[in-house]
Amino acid sequence: MRNIDWISANIASSAADRSLKAGQTLFRAGTRPAGLYEVVKGKVRLVRLDRSGREAILQVAGPGDLFAEASLFSSAYHCDAIATTDTVVRLYPKSILVAELERDPKLLLAFSAMLAGQVMTLRTRLEQRNIHSARERVRHYLTVNADANGRTVTRRGPLKDIAAELGLTHEALYRTLADMAADGEIERTKGMIRILKKVV
């Protein structure tokens, strides 16, 4: 199921699109939530600042991704949302969404299933972050994201995004992929990574 497949016609008809320039802020932590957002095109970075002013990236949302789900059950956003590129987002208003979820048990169940899928994805990412070796972390990523045959991983974005997801610098990821290719473990083609041999 895609992130937006559960959305009913009534919710979809209430949605409104907004365009953002690269670097423009959609919302700030502490402001009142307007609702749930979907990225139509571009990318949105969800960040929280620590006490020293450094950014902690919570999520990078790309086309088809939803964000600010927790805001449906909160009086304020918990982070800042900033467009990474020129971006279009679609707002599903909080009042209509919550009313529809309260009215329709099947919709609520579908929404819950979508959230459960996100929890599984988060657990996978946490597991990856606990792997200390960059090479093992990349192997884990490839295994989890491979097709049904376990041989091909289709990239959904640039390698820099994968590096951020894995908690690696993009230099470390490039170097690791180059080493794996040189050892005959993988083959890189445009938009894909093929696993040539499994390492036990």
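Quick look at the structure, then. (Residues numbered from 1 in each chain as written. Predicted model: local features only at pLDDT ≥ 70, side-chain atom pairs only at ≥ 80, totals over all residues. Heavy atoms only, no water.)

### As for unusual backbone geometry
Phi is positive for Ala68, close to 70°, though the residue is something other than glycine. Its location among the elements puts Ala68 in the loop between strand E6 (66-67) and strand E7 (80-83). When its relative accessible area of 13% is taken as the criterion, Ala68 is described as buried. (Helix = DSSP H or I, 4+ residues; strand = E, 2+ residues; numbered from the N terminus. Buried < 20%, exposed > 50% of the residue type's maximum accessible area, 1.4 Å probe, protein only.)

### Digging into the nonpolar core
One finds Val138, Leu142, Leu166, Leu173 and Leu177 to be the most contacted residues of the largest nonpolar core, which totals 17 residues. Looking at this core, the elements that each hand over two or more residues are helix H4 (134-145), helix H5 (159-166), helix H6 (170-182) and strand E11 (192-195). The contact partners of Leu177, leaving out residues within four places of it in the chain, are Val138, Leu159, Ile186, Arg188 and Ile193. Among the nonpolar cores identified, the runner-up in size contains 16 residues, and Tyr37, Leu46, Phe67 and Ala81 belong to it. (Core = buried A, V, L, I, M, F, W, Y, C linked by side-chain atoms within 4.5 Å. Contact = heavy atoms within 4.5 Å.)

### What to know about the sheet that holds strand E2 (residues 25-27)
Taken in spatial order, the 4 strands make up an open sheet running E2-E7-E4-E5, and their pairing is antiparallel. This sheet does not close on itself; its edge strands, each paired only once, are E2 and strand E5 (55-61). Across the sheet, the axes of successive neighbouring strands diverge by a mean angle of 30°, strand direction being ignored. (Pairing = 2+ DSSP bridges. Axes fitted to C-alpha atoms, helices over the stretch in contact; angles between N-to-C directions.)

### Some details on the packing of H4 against H6
Look at H4 against H6: their axes get within 10 Å of each other, and the N-to-C directions meet at 80°. As judged from the angle between their axes, H4 and H6 are roughly perpendicular. Along the contact surface, H4 presents Ala134, Arg135, Val138, Arg139 and Leu142, while H6 presents Leu173, Thr176, Leu177, Asp179 and Met180. Within the contact of H4 with H6, the residues separate by chemical class into 6 nonpolar, 1 polar and 3 charged. (Parallel < 35°, antiparallel > 145°, perpendicular 65-115°, else oblique. Nonpolar A, V, L, I, M, F, W, Y, C, P; charged D, E, K, R; others polar.)

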